[in-house]
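Take a look at the letters that make up each chain.
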Amino acid sequence: MFGKLKEKLRGFTKSVGDQIEEKTTPLDKSEDEITEEISPQESPAQENKKSLGFAQKAKALVFEREFIITESDIEDSLWELEMALIESDIALSVSEKIVSDVKNELVASRRKIGSNITSIVEDALKKSIYEVMSANVFDFDEFIDAHDKPVHIVFIGINGTGKTTTISKLAKRLKDKGKSVVIAAGDTFRAGAIDQIAIHAENLGVKLIKHQPGGDPAAVVYDAIQYAKAHNTDVVLSDTAGRMHTNVNLMSQLEKICRVSSPDLIVFVDEAVAGNDAVERAKQFNETVPIDGSILTKTDADSKGGAAISIAYITGKPILFLGIGQGYDDLQKFDPKWFVDQLFN
Ligand SMILES: Nc1nc2c(ncn2[C@@H]2O[C@H](COP(=O)(O)OP(=O)(O)OP(=O)(O)O)[C@@H](O)[C@H]2O)c(=O)[nH]1
Ligand SMILES: [Mg+2]
């Protein structure tokens, strides 16, 4: 998973590690002189001039068996890192944040000579990516357990991203955890959509509420909630038709579905392979109906990984699950620590 991003991150840690290790040769300077050079007290103009001169030395400062990483040691690699992050579909603002975090973590820090530089650099990167991904962490299972029944969840997104498949996977997951589930066949728009979800419901032994094709999706969702209330069902999963975020009519219909049914969670579903487009769409859907989180599908395909890193940070809403294949069990609960470990293992 995310092979290309992994490769680029590995390239960065190795290149910084090699650069710094090369430069850890002792300098004939006192600690005071070094401290003065690292944090000059002069005006910004003088400071700039001095740090340029300092950069030209291209040498890490070494004393008492310790060295200090200077900005000049890693500026080329930081630039390469930023390019690699952007090429991996990480949004520009997020790439800049990661680069700035890594720089702040490393520059002017003292390290023992002989320390494993690559692992120091890797730790700085891990820490930053972990922080970016930990925006509003949310435990789906705890939410379902704690919430009044029925918990109503609506799934939204553009065409073909995996909403219906994800609903089936979640229905299976909830059933496996002992929860009762009803699915609302809220995609009355696309030919074959009701039959598609009916097959999943039958395979999984889950109740489906459906109307005729072309019917009002808000009415289907309403009926599913009434059914759940009458039968003490734990969770209602509402499918919706795929729609482009730019289609004003379909977006107002989505707003109506959400207004009428007041979902407990609105989940945006998109493909990890869509990269920055998915992040942009999440932002736009979020403007029409406030999303509570995202699910990224098709992470088993050749995705660069950037969307997963950007989407939570940009929307300020957590990633709940990742789709990792086409089978009912191919759903991975999202955990930032697990994600970061995946990137660096
Ligand atoms: N490889 C892979 N394929 C997936 C994943 N999730 C969904 N798919 C496939 O993506 C295709 C579209 O999935 P659907 O669930 O029909 O997508 P949708 O968003 O409901 O599509 P519309 O209803 O047309 O908007 C199907 O072939 C799914 O099997 C995933 O995590 N990995
Ligand atoms: Mg669908």
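Now for a quick tour of the structure. (Residues numbered from 1 in each chain as written. Chains lettered and ligands numbered in written order. Predicted model: local features only at pLDDT ≥ 70, side-chain atom pairs only at ≥ 80, totals over all residues. Heavy atoms only, no water.)

Describing the site of ligand 1
Of all residues adjacent to ligand 1, which total 20 residues, the nearest are Lys163, Thr164, Thr165, Asp300 and Gln326. A distance of 3.2 Å separates an oxygen atom of ligand 1 from a polar backbone atom of Gly325. Side-chain polar atom of Gln326 to an oxygen atom of ligand 1: 2.7 Å apart, as the coordinates give it. With the chains in place, 82% of the 650 Å² that ligand 1 exposes on its own is no longer accessible. At 4 residues, helix α8 (residues 163-176) tops the list of elements feeding residues into the shell around ligand 1. Of the residues in the shell around ligand 1, the class split is 2 nonpolar, 12 polar and 6 charged. (Near = heavy atom within 4 Å. Polar contact = N/O pair within 3.5 Å; in protein donor to acceptor, adjacent residues only side chain to side chain. Areas by Shrake-Rupley, 256 points an atom, 1.4 Å probe, with all protein chains shown as cover. Helix = DSSP H or I, 4+ residues; strand = E, 2+ residues; numbered from the N terminus. Nonpolar A, V, L, I, M, F, W, Y, C, P; charged D, E, K, R; others polar.)

Section: the pairing of strand β7 (residues 235-238)
Neither face of β7 is exposed, since Val235 and Leu237 on one face and Val236 and Ser238 on the opposite face are all buried. Judged from the 4 bridges that link them, strand β4 (residues 151-156) and β7 form a sheet pairing that is parallel. Bridge assignment links Val151 to a residue of β7, and that residue is Val235. (Buried < 20%, exposed > 50% of the residue type's maximum accessible area, 1.4 Å probe, protein only. Pairing = 2+ DSSP bridges.)

Things to note about the packing of aromatic side chains
According to the stated counting rule, one finds 4 aromatic pairs in the structure shown. Their ring planes at 75° and their centres at 5.1 Å tell us that Phe140 and Phe321 sit as a pair that is edge-to-face. Within this pair, whereas Phe140 is found in helix α7 (residues 140-146), its partner Phe321 is found in strand β10 (residues 319-323), the two being separated by 181 residues in sequence. (Phe/Tyr/Trp six-rings, centres within 6.5 Å; stacked < 30°, edge-to-face > 60°.)

Examining the environment of Ala312
Relative to the assigned elements, Ala312 resides in helix α13 (residues 306-315). Looking at Ala312, the relative accessible area reads 0%, which means it is buried. Placed 33 residues apart in sequence, Ala312 and Val279 show a C-alpha to C-alpha distance of 8.8 Å.

Considering helix α4 (residues 71-87)
Residues spaced three or four apart along an α-helix point in a common direction, a consequence of the helix completing one turn every 3.6 residues. A rise of 1.5 Å per residue sets the reference length of α4, with its 17 residues, at 24 Å; its end C-alpha atoms lie 23 Å apart and thus fit the reference within 8%. Maximal helix bending in α4 amounts to about 30°, located at Ser77. Within α4, the full set of buried residues consists of Ser72, Asp73, Ile74, Ser77, Leu78, Leu81, Glu82, Ala84 and Leu85. At the exit of α4 stands Asp89, carrying a positive phi of roughly 70°. (Expected span 1.5 Å × (residues − 1). Bend = angle between axes of the 7 residues up to and from the residue.)

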